[in-house]
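Summary of the model geometry
The residues making up each chain are set out below.
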Amino acid sequence: MSTSFATTSSASRFLASRFFAAILTLLSLAMATRSVEATELSYYLPQDVTYAPEIPLPSATLGYEVGDWHVRHDQLVAYLQTLAAASPRIRIEETGRTHEGRPLLLLTVTSPDNLGRLDEIRTRHAQLTDPEHSDAVDISDLPVVCYLGYSIHGNEASGSNAALLVAYYLAAAQGEEIESILRDTVILLDPALNPDGLARFGEWANTYRGQEPVGDPDSRERDEAWPGGRTNHYWFDLNRDWLLAVHPESQARLVTYQRWKPNLLGDFHETSSRHTFFFQPGVPSRKNPLTPQRNVELTQRLASYHARALDAAGSLYFTEEVYDDYYYGKGSTYPDINGGIGILFEQATTSGQTIDLEQGERDFPFTIRNQFLVSLSTLRGARDLRTDLLSYQRSFYQDAWHGAPSSGWIFGDATDRTRTATLVELLLRHGIDVYRAAHGGDVEGTRYEPGSTFVVPRKQAQARLLEAMMETRTSFPDSVFYDVSTWTMPLAMGLPYASVSNARDWMGDKVETAPIPAGQVRVTDRGSLPVAFAFEWGEYLAPRALLELEREGIWARVATRPFAAQTAQGRTSFDFGTIVIPCGIQKATAAALWEAMDRIAQEDGVDVHAIVTGLTPAGIDLGSPSLRPVNPPSIAMLVGDGVSSTTAGTIWHLLDHKFGQPVSLLTLQPLSGAQLRRYTHLILPDGGYDRLGEAGKESLRRWVEEGGVLILVGSATTWAIDAGLIPGERRQDPMALVESPKPPRPYGQYGATQSARRISGAILWARLDRTHPLGFGFPRPRIAVFRDSRIFLSPDANPYGNVVQCTEAPLASGYVPSGDLPLIAGSASLMARREGRGAVISMVDEPDFRGFWYGTNKLFMNAVCFGAIIDRTGE
């Protein structure tokens with residue numbers, strides 16, 4: 001027995017050693033940098049099928065094999081157009097254009113028979129999401145809809161390069177496997193979700209690629225120049241924009257998404273080179289509570305398909321770590337609130353052609369192959385789980401419909417029709433039903449006027465998505481968030497809103513479109529010019545109107561105190577910030593003035609009044625020194641290494657895209673006084689500015705004293721305090737300053753503990769000084785600000801300089817560590833102070849977070865338009 005036992009043990013050890021040797025060989029082959037021959041198409045494609053010879057290979061258009069170079073976006077477009085022309089399985093369309101004018105392509109891939117009846121399939125599929133009629137839909141032969149979206153982060157390029165292979169395989173592969181996939185699925189293939197970023201990164205990677213691969217992690221090939229290729233033209237992260245729909249790339253994508261409501265979406269990314277490959281499910285405790293548990297179960301079933309594909313290739317992977325499914329504005333989570341399943345794929349990056357690792361190497365073709373393999377496993381899973389996915393989508397909408405109460409929300413602001421219309425437009429983009437209010441009324445102490453109030457009933461097909469966009473939440477099962485913890489849309493827009501118990505009591509006509517309402521020039525006689533024109537500052541685009549007039553050489557003044565004036569319509573009251581255009585001092589002709597007033601009313605939504613006399617019945621007269629001249633700004637912003645590209649991008653987008661104001665982008669480096677003198681305003685976005693040096697700081701100080709307006713955002717404020725440019729005091733937890741022995745804690749909890757201390761995105765209530773020039777145009781003294789940092793500043797010692805200050809009970813929605821709430825209560829959000837003939841404006845909270853926080857945009861535009869008129873104050 002002992003001999004037999006020994007023999008068996010030796011055999012087992014021998015087999016085990018051979019097994020592990022084989023595994024290590026597979027892994028080393030997978031991780032190794034291969035010769036040129038190894039990047040032939042056969043490296044990627046399944047070899048147990050045949051491929052139609054008439055279908056063009058990618059290399060025929062590219063001039064190289066996939067993976068040898070990073071594909072340029074124009075090459076990607078050219079090949080896919082060639083492929084679509086050659087294949088009866090593909091329909092190609094341009095869905096939109098990027099900020100830089102690049103085409104956004106969508107390939108619809110399915111069997112030729114399905115393509116011939118595509119409208120009928122889409123109509124039936126849409127009925128599946130209609131809870132009142134979906135029971136009548138026969139799903140026995142209904143194809144499942146899959147959306148494959150690649151490289152929304154432009155420098156995560158393995159996705160778009162893999163899209164070339166996926167498209168070729170779907171067009172050229174022959175046999176029962178591909179025939180069944182095409183018969184049972186409609187595939188929406190989006191090859192480049194971020195063409196501008198992909199183009200930027202591809203140019204960089206190819207520029208620094210040598211003939212011989214260099215795996216040094218510090219090589220310039222992997223050290224992209226600021227801002228890098230991750231973001232779009234305005235440096236926005238488009239994978240946070242699915243819900244917000246700020247950019248043309250997202251807006252075009254949402255049209256496709258809401259037309260089709262895909263059952264399954266694959267979202268293809270890259271992650272740190274230290275990782276392997278991630279696919280969902282994510283961290284179980286960080287699922288959004290509005291997502292049904294059935295979603296998680298289907299995600300787990302789909303995971304087995306990805307595991308099998310990667311196991312067969314010898315690729316390592318992980319699940320249920322790092323990434324979560326909470327914020328619905330990402331590509332992998334937006335489907336979860338639309339009756340589908342979103343799957344995030346994260347391939348460890350090479351950031352170039354090859355990269356040295358602690359154990360071996362990884363090359364670009366290897367990353368492309370993994371993305372290709374899980375693309376196919378996604379389609380196989382969709383085919384096999386077709387009826388499960390279709391049934392789930394039907395029940396998702398039926399359950400939401402039947403469980404929805406009769407209540408709803410009303411919202412709107414008579415003083416700002418543009419922000420109101422913007423929220424209506426956003427809801428419509430997401431397929432949410434919106435109605436005009438049939439009447440006005442007072443709710444929770446706020447007056448809602450019938451002409452500017454809208455109603456969204458909870459009982460509708462998109463009940464869950466509506467809830468996600470309107471709710472406030474302050475308690476959570478987990479204190480760690482991969483992204484923001486809240487995004488309440490009415491608060492983002494700065495609009496009054498309220499819950500009503502019976503939405504039908506308020507509902508009038510259904511809204512189909514939401515154009516920005518035009519204003520009017522309120523005159524009865526155009527025979528001669530009035531004494532002055534005037535428009536109030538409450539409308540969102542009023543700053544754009546002023547900036548346009550200034551560029552045309554039309555002089556304007558701002559009312560720093562309220563007044564009433566005699567207008568063509570009789571006595572009219574005007575609030576703080578009203579813009580007055582005295583006609584008698586203008587160089588422009590009468591015709592030019594009338595034309596300018598008509599244009600700003602039509603394009604910017606302001607109501608222009610004609611004031612018939614300079615002597616007012618109440619408040620300041622039109623010649624009062626309290627009507628301060630305002631002059632056109634010349635704006636510069638520091639950008640480059642050390643500066644947050646996302647914060648800089650939102651400011652650039654706000655000024656350039658929303659308000660038509662040019663801004664010079666200056667590379668962060670020591671600045672001379674001569675450089676600065678051409679600018680009236682200088683913006684320092686979130687970041688660190690030690691590179692300015694002592695001479696640069698001194699130039700900055702003198703420039704402000706000579707009349708410049710310095711705008712500091714986020715950590716630029718604390719940098720200025722630490723650099724001695726402005727006074728200020730940070731708030732700190734008193735317990736953190738006490739040096740005492742700390743009790744032992746589990747090593748394994750360190751990461752979660754540190755993450756739980758972050759404020760990754762919360763909404764805070766704050767008090768606004770409406771009488772301050774930076775508070776002009778706000779109808780109410782309470783506003784909602786967005787906080788995504790742990791910067792806590794005490795109010796300015798000058799009590800007149802605290803423009804926005806957090807309330808004593810500041811948390812409106814989102815997660816804030818309990819120990820931080822006392823530090824936030826009463827803290828400064830926006831401070832302004834006169835320095836010499838200039839001013840310094842300090843903004844703790846980003847005024848246009850991700851381009852959708854419209855409610856505080858005017859704070860920033862007031863800094864631009866009125867920063868120079870801030871008076872010296874103090875006690």
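Chains are numbered independently. Their residues run from 1 in the order of the written sequence. Selection of residues for local features in this predicted model requires a pLDDT of at least 70, selection of side-chain atom pairs for listing and counting requires 80 or more, and totals for whole chains, interfaces and linings are taken over all residues. Heavy atoms from the whole structure form the basis of all side-chain values; hydrogens and water molecules are not counted.

As recorded in an unreviewed UniProt entry, the protein chain goes by the name Zinc carboxypeptidase, listed as coming from Eiseniibacteriota bacterium.

**Notes on the pattern of salt bridges**
Each salt bridge in this description consists of a side-chain nitrogen of Lys or Arg and a carboxyl oxygen of Asp or Glu lying within 4 Å of one another. In total, this model carries 52 salt bridges according to the counting rule given. Across the pair E177 and R380 runs a salt bridge whose closest N-O atoms are separated by 2.8 Å. With a gap of 203 residues between them, E177 in helix α7 (residues 176-184) and R380 in helix α11 (residues 364-384) connect regions that are remote in the sequence. For the salt bridge of K697 with E694, the shortest nitrogen-to-oxygen distance reads 2.9 Å. Strands are runs of DSSP state E lasting at least two residues, helices are runs of H or I lasting at least four, and both sets are numbered from the N terminus onward.

**Re the side chain of S87**
Tracing the sequence through the fold places S87 in the loop between α3 (73-86) and β1 (90-97). When its relative accessible area of 6% is taken as the criterion, S87 is described as buried. Under this definition, polar contacts are N or O atom pairs within 3.5 Å; protein pairs additionally need one hydrogen-donor-capable and one acceptor-capable atom, and for neighbouring residues in sequence, both atoms have to be side-chain atoms. In this structure the side chain of S87 is engaged in a polar contact, spanning 3.1 Å, whose partner is the backbone nitrogen of R89. Think of it in three bands: residues with accessible area under 20% of the maximum for their type are buried, residues over 50% are exposed, and the middle band is partly exposed, with areas taken using a 1.4 Å probe on protein chains only.

**Overview of the UniProt feature "domain: Peptidase M14" (unreviewed entry) in the protein chain**
Within this structure's numbering, the places UniProt gives as "domain: Peptidase M14" (unreviewed entry) are residues 69-372. Taken end to end, residues 69-372 has its terminal C-alpha atoms 17 Å apart, with 36% of it in helix and 17% in strand. UniProt positions are given in the numbering used here, feature names are shortened, and annotations may be inferred rather than shown by experiment.

**Description of helix α24 (residues 857-866)**
The element α24 is extensively covered by neighbouring structure, given that 10 of its 10 residues are classed as buried. Inspection of α24 places N857, K858, L859, F860, M861, N862, A863, V864, C865 and F866 among the buried residues, and these make up the whole buried set.

**Considering helix α18 (residues 645-658)**
Here α18 contains 14 residues, and its C-alpha end-to-end distance of 18 Å stays within 8% of the 20 Å for a straight helix at 1.5 Å per residue. In terms of residue burial, α18 counts as a mostly covered element, since 11 of its 14 residues are buried. Among the residues of α18, S645, T647, A648, G649, T650, I651, W652, H653, L654, L655 and K658 are the ones counted as buried. When checking whether two residues touch, look at their non-hydrogen atoms; a contact exists if any pair is within 4.5 Å. Along its buried surface, α18 packs onto α16 (542-551), β26 (635-639), β27 (664-667), β28 (681-684), β29 (709-713) and α24. Following α18 by one or two positions, G660 has its phi on the positive side, about 65°. Helix span is expected to be 1.5 Å times the residue number reduced by one.

**What to know about the packing of aromatic side chains**
Each aromatic pair joins two rings of Phe, Tyr and Trp (for Trp, the six-membered one) with centres within 6.5 Å, and gets the label stacked for planes under 30 degrees apart, edge-to-face for over 60, and tilted for any other angle. What the rule picks out here adds up to 42 aromatic pairs. For the pair F476 and F481, a centre-to-centre distance of 5.2 Å together with 85° between the ring planes defines the contact as edge-to-face. Like F481, F476 is buried. Seen from their ring centres, Y540 and Y854 are 5.0 Å apart, and the 40° between their planes marks the pair as tilted. Residue Y540 is found in the loop between β18 (532-535) and α16, and its partner Y854 is found in the loop between β34 (838-843) and α24; the two are separated by 314 residues along the sequence. In this pair, the class of Y540 matches that of Y854, namely buried. Through a chain of ring-to-ring contacts, three or more aromatic side chains come together here, namely Y326, Y327, Y328, F476, F481, W487 and Y815. Here, a charge over a ring is recorded when the distance from Lys NZ or Arg CZ to the ring centre is within 6 Å and its angle to the ring normal is within 35 degrees. Residue placement shows R308 over the ring face of Y305; its charged tip is 4.7 Å from the ring centre.

**Re the sheet that holds strand β14 (residues 454-457)**
Judged by pairing direction, the sheet is antiparallel, and its five strands sit side by side in the order β15-β10-β14-β11-β16 without closing on themselves. If you trace the sheet from one side to the other, it starts and ends with β15 (497-500) and β16 (507-510), each paired once. Ignoring strand direction, the axes of neighbouring strands in this sheet form an average angle of 35°. Any two strands are treated as partners once DSSP identifies two or more bridges connecting them. Relative to β15, strand β10 (residues 408-411) runs antiparallel, the two being bridged by four bridges. Opposite G408, over in β15, you have V500 as the bridge partner. Here helix α13 (residues 417-429) sits on the sheet in contact with β10 and β14, set at roughly 145° to β10. Between N-to-C directions, angles span 0 to 180 degrees; the directions come from axes that are lines fitted to C-alpha atoms, helices contributing only their stretch in contact.

**A word on unusual backbone geometry**
The omega angle of the peptide bond from W226 to P227 is 5°, so this bond is cis rather than trans. Along the polypeptide, P227 turns up in the loop between α8 (195-207) and α9 (248-260). Cis geometry is found at the peptide bond from Q280 to P281, where omega equals 25°. With a phi angle near 65°, W235 is a residue other than glycine that sits in the positive phi range. Checked against the element boundaries, W235 lands in the loop between α8 and α9. Judged by relative accessible area, W235 falls into the buried class, the value being 8%. A positive phi is found at E444, a non-glycine position, where the angle reads about 50°. Looking at the secondary structure, you find E444 in the loop between β12 (441-443) and β13 (446-448).

**Here's the deal with the sheet that holds β1**
One open sheet accounts for seven strands, arranged β1-β2-β4-β3-β5-β7-β6; its pairing is mixed. Each end of this open sheet is capped by a strand with a single partner; those strands are β1 and β6 (277-279). Strand-to-strand, the axes of this sheet are offset by a mean angle of 20°, without reference to chain direction. In terms of strand pairing, strand β5 (residues 264-271) meets strand β7 (residues 341-348) through eight bridges, oriented parallel. Residue pairing for β7: E270 is matched across the bridge by Q347. Along the sheet face, helix α10 (residues 293-313) touches β5, β6 and β7 and points at about 35° away from the line of β7.

**Thoughts on a negative patch on the surface**
A patch is a set of surface residues, each over 30% in relative accessible area and not in a salt bridge, joined within 9 Å for like charges and within 5 Å for the nonpolar side chains Val, Leu, Ile, Met, Phe, Trp and Tyr. In this description, accessible areas are obtained by the Shrake-Rupley approach with a 1.4 Å probe, and a residue is regarded as covered only by the protein chains that are shown. Charge counting treats Lys and Arg as positive and Asp and Glu as negative, with His and both chain ends excluded. By convention, charge coordinates are those of NZ in Lys, CZ in Arg, CG in Asp, or CD in Glu. Negative charge collects at one region of the surface, where D216, D218, D223, D356, E361 and D641 lie side by side. Residue placement: D216 occurs in the loop between α8 and α9.

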